[in-house]
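# Chains, contacts and geometry: an overview
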Amino acid sequence: MAGFSVKSLLTFVVLAFASTTAATPIALAEATSANVEARSLWSSDDTCIPLLAPKRVEWREMHTFEKWYYLAAVKCLMTKPTKYGPGTDIPGAKNRFDDFHGVHIQQTMSIHFVGHFLPWHRYFVRTYEKALRDECFYFGAQPYWDWTIDADKAKDFNKSELFDEDDGFGGDGIYVAAEGPFVIPGHTGGGCVTTGPFKNMELHVGPGNSLTNTPRCLKRDFAASINYKFANTAKVNGVLAKNTYVEFMTAVDGETNWENMGIHGPGHYSIGGEAGDMFSSPGEPIFYLHHANLDRVWWKWQSAKPSVRLTEIGGPVNMMNMPPGANVTLSYPLNLGRLAPQITVADVMDISKGKMCYKY
C-alpha cells in the first residue's frame with residue numbers, strides 16, 4: 001500500500017471510531033497509546049539518522065489528529081509506573097509524568113539563572129520527548145509554542161488555539177481574587193482548570209519544592225499582558241541580536257520583576273498557576289511547548305554563526321553567581337537523575353546529531 005505507515009493506520013482508526021462513537025478523539029488516541037507496546041524509530045543510542053530525526057513544529061502547524069496523539073501520549077505518560085516513588089528521593093511521584101516534574105523540582109536552585117540553564121532544559125525536553133515516543137506510541141516530535149504569534153496580535157490571548165477545549169490544552173483556571181506583590185498583574189484565573197484534556201488532571205508533587213505526595217488539581221492564571229509585553233517579535237529579535245552566549249543568556253533571563261522580564265518568564269507567567277511556580281512548573285503540560293520554543297530560539301541564535309556558537313558556552317555555575325564561583329564549560333555535567341544518563345554540555349550543543357538528533 002503506497003504511503004502506508006503505522007501512524008497513518010492509527011489515524012484512520014481514530015478518525016473512524018470518532019465518527020461512530022461518543023468517545024472523544026483524544027480519548028480514543030489515549031487508549032491506543034496506553035495499550036500498544038511502543039518502539040520508536042528514533043535511536044536510543046548515540047546513532048543519529050538525520051532522515052529520521054523528528055522535526056519539531058509550532059502547535060498550530062500540526063494536523064488535528066497529530067494534536068490528539070500528542071495530548072494522548074502526555075496523558076499516557078501519566079499512567080506509566082514511576083521510576084521513583086516511596087523510598088526514593090522523589091517519594092510523592094506516582095507516574096512517569098511525575099518523574100519529570102519531580103526532577104525539575106529537585107534541581108530548580110541549580111538550573112536557573114546559571115550558564116547551563118539552556119543546555120539542561122534542552123536535555124530535559126529531549127528526554128521527555130523521547131519518553132513520549134518510546135513509552136507511549138507517539139510518532140511525532142515535541143511541538144513548540146511560538147509565543148510571538150499571540151503576542152504580536154496583542155489581543156484574544158485567552159482564545160489562542162493552544163487553549164482550545166477540544167484540540168488544545170484547555171483554558172484558564174476559575175477566577176480567584178488575589179492581592180500582593182507575587183500576584184501576576186492582570187491575571188484572570190487562579191483556580192482549577194475546568195476545560196480541555198487536563199481538566200481532571202491530578203498533580204502529585206509540588207507546589208514549590210515539595211517532593212511528597214500532595215494531590216491537587218492543575219491551576220492556571222492567565223495574564224495576557226505579560227505575553228503581549230515580553231514575548232513579542234521585537235523582544236525575541238533583541239535577544240537574537242546579542243553577540244555572545246553570556247549576553248544572549250542574560251537577555252533570555254531578563255530581570256526578576258514585572259517590568260524588565262526576559263523572554264523566558266512570559267511563557268510561564270502568562271499561563272500562571274502551576275506554570276508560574278519556578279520549582280513546579282513542569283506540572284503544567286504546556287511547559288514542554290514553552291521550553292521547546294525557547295530551545296528553538298537558542299538554536300536559531302546558534303545557527304547564525306555555527307562555527308563559533310556550537311561550542312560557545314559560559315555563565316556561572318551558581319545561581320546568579322552567588323556565591324561567586326566557576327563558570328560553565330563544555331565539560332560541565334548535566335544530570336537528570338533516573339530520567340536519563342548523565343552527559344555534558346558538549347553533548348547537547350548541536351541538536352542535529354549525537355544524543356539530541358532532532359530539528360526545527
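Everything quoted here is computed from the prediction, not taken from an experiment.

Contact geometry of helix H3 (residues 64-77) with helix H5 (residues 117-136) gives a least axis separation of 10 Å together with a crossing angle of 85°. The orientation of H3 relative to H5 falls into the category roughly perpendicular. Contacts between H3 and H5 involve Tyr70, Ala73, Val74, Cys76 and Leu77 from the former and Tyr128, Ala131, Leu132, Glu135 and Cys136 from the latter. Taken together, the residues that form the contact of H3 with H5 break down as nine nonpolar, no polar and one charged.

Right, let's talk about the packing of aromatic side chains for a bit. As enumerated under the stated definition, the model contains 26 aromatic pairs in all. Between phenylalanine 137 and phenylalanine 139 the ring centres are 4.8 Å apart and the planes differ by 75°, which places this aromatic pair in the edge-to-face class. Aromatic rings pair up to connect Phe97, Phe100, Trp120, Phe124, Tyr128, Phe287 and Tyr288 into one cluster. The ring of tyrosine 358 has arginine 56 lying over it, and the distance from NZ or CZ to the ring centre is 3.7 Å. Here the basic side chain of arginine 309 rests over the ring of tryptophan 301, its NZ or CZ set 4.0 Å away from the ring centre.

A separate point is the confidence of the model for the protein chain. The share of residues in the protein chain with pLDDT of 70 or more is 87%, and the mean pLDDT across the chain is 91. Long-range and interchain partners of residues 1-9, a stretch whose pLDDT sits below 50, account for seven contacts in this model, where long-range means more than four residues apart. Residue range residues 35-44 is modelled with pLDDT below 50. Its contacts to residues more than four positions away, or to other chains, number 24 contacts.

The next thing to look at is the state of the cysteines. Evaluation of the coordinates by the stated rule reveals three disulfides. Through a disulfide, cysteine 48 is tied to cysteine 357; the S-S separation comes to 2.2 Å. Here cysteine 48 and cysteine 357 share a disulfide; its torsion about the S-S bond, 80°, makes the bridge right-handed. With cysteine 48 in the loop between helix H2 (25-35) and H3 and cysteine 357 in the segment after strand E6 (343-344), this residue pair connects regions lying 309 residues apart in the sequence. In this pair, the class of cysteine 48 matches that of cysteine 357, namely buried. One disulfide bridge connects cysteine 76 with cysteine 136, the sulfur atoms lying 2.1 Å from each other. Because the sign of the S-S torsion sets the handedness, a value of about -85° for the bond joining cysteine 76 and cysteine 136 places this disulfide among the left-handed ones. Taken together, the positions of cysteine 76 in helix H3 and cysteine 136 in helix H5 put the pair 60 residues apart, joining distant regions of the chain. Accessibility classification places cysteine 76 together with cysteine 136 in one group, the buried group.

Now for helix H11 (residues 287-304). In an α-helix there are 3.6 residues to a turn, and that puts residues three or four apart on one side. Across its 18 residues, H11 extends 26 Å between first and last C-alpha, which sits within 8% of the 26 Å expected from 1.5 Å per residue. Along H11, 15 of the 18 residues are buried, which leaves the element largely enclosed by surrounding structure.

The next point concerns the side chain of serine 270. Along the chain, serine 270 falls in the loop between helix H10 (265-269) and H11. Look at serine 270 and you get buried, because its relative accessible area is 0%. Engagement of the side chain of serine 270 in a polar contact is seen with the backbone oxygen of proline 266, the distance being 2.5 Å. With residues near it in sequence (within four places) discarded, serine 270 still touches Trp145, Phe157, Asp221, Phe222, Ala223, Ile226 and Asn227.

Relative orientation of the contacting elements H5 and H11 amounts to 125°, with a least axis distance of 10 Å. As the angle between them shows, H5 and H11 are arranged oblique. Seen along the crossing, H5 lies across H11 with a hand that is left-handed. Packed against H5, whose contacting residues are Phe117, Leu118, Pro119, His121, Arg122, Phe124, Val125 and Tyr128, the element H11 presents Phe287, Tyr288, His291, Ala292, Leu294, Asp295, Trp298, Trp299 and Gln302 at the interface. Residues belonging to the contact of H5 with H11 are distributed by class as follows: twelve nonpolar, three polar and two charged.

Here lysine 55 lies in the loop between H2 and H3. Note: C-alpha distance between lysine 55 and glutamine 142 (87 residues apart in sequence) is 8.1 Å. When sequence neighbours within four positions are dropped, the list of residues in contact with lysine 55 reads Ala141, Lys359 and Tyr360.

Rules and cut-offs
- Residues numbered from 1 in each chain as written.
- Predicted model: local features only at pLDDT ≥ 70, side-chain atom pairs only at ≥ 80, totals over all residues.
- Heavy atoms only, no water.
- Axes fitted to C-alpha atoms, helices over the stretch in contact; angles between N-to-C directions.
- Helix = DSSP H or I, 4+ residues; strand = E, 2+ residues; numbered from the N terminus.
- Parallel < 35°, antiparallel > 145°, perpendicular 65-115°, else oblique.
- Contact = heavy atoms within 4.5 Å.
- Nonpolar A, V, L, I, M, F, W, Y, C, P; charged D, E, K, R; others polar.
- Phe/Tyr/Trp six-rings, centres within 6.5 Å; stacked < 30°, edge-to-face > 60°.
- Lys NZ or Arg CZ within 6 Å of the ring centre and 35° of its normal.
- pLDDT = per-residue confidence, 0-100.
- Disulfide = S-S within 2.5 Å.
- Buried < 20%, exposed > 50% of the residue type's maximum accessible area, 1.4 Å probe, protein only.
- Expected span 1.5 Å × (residues − 1).
- Polar contact = N/O pair within 3.5 Å; in protein donor to acceptor, adjacent residues only side chain to side chain.
- Left-handed = near helix turned anticlockwise from the far one by under 90°.

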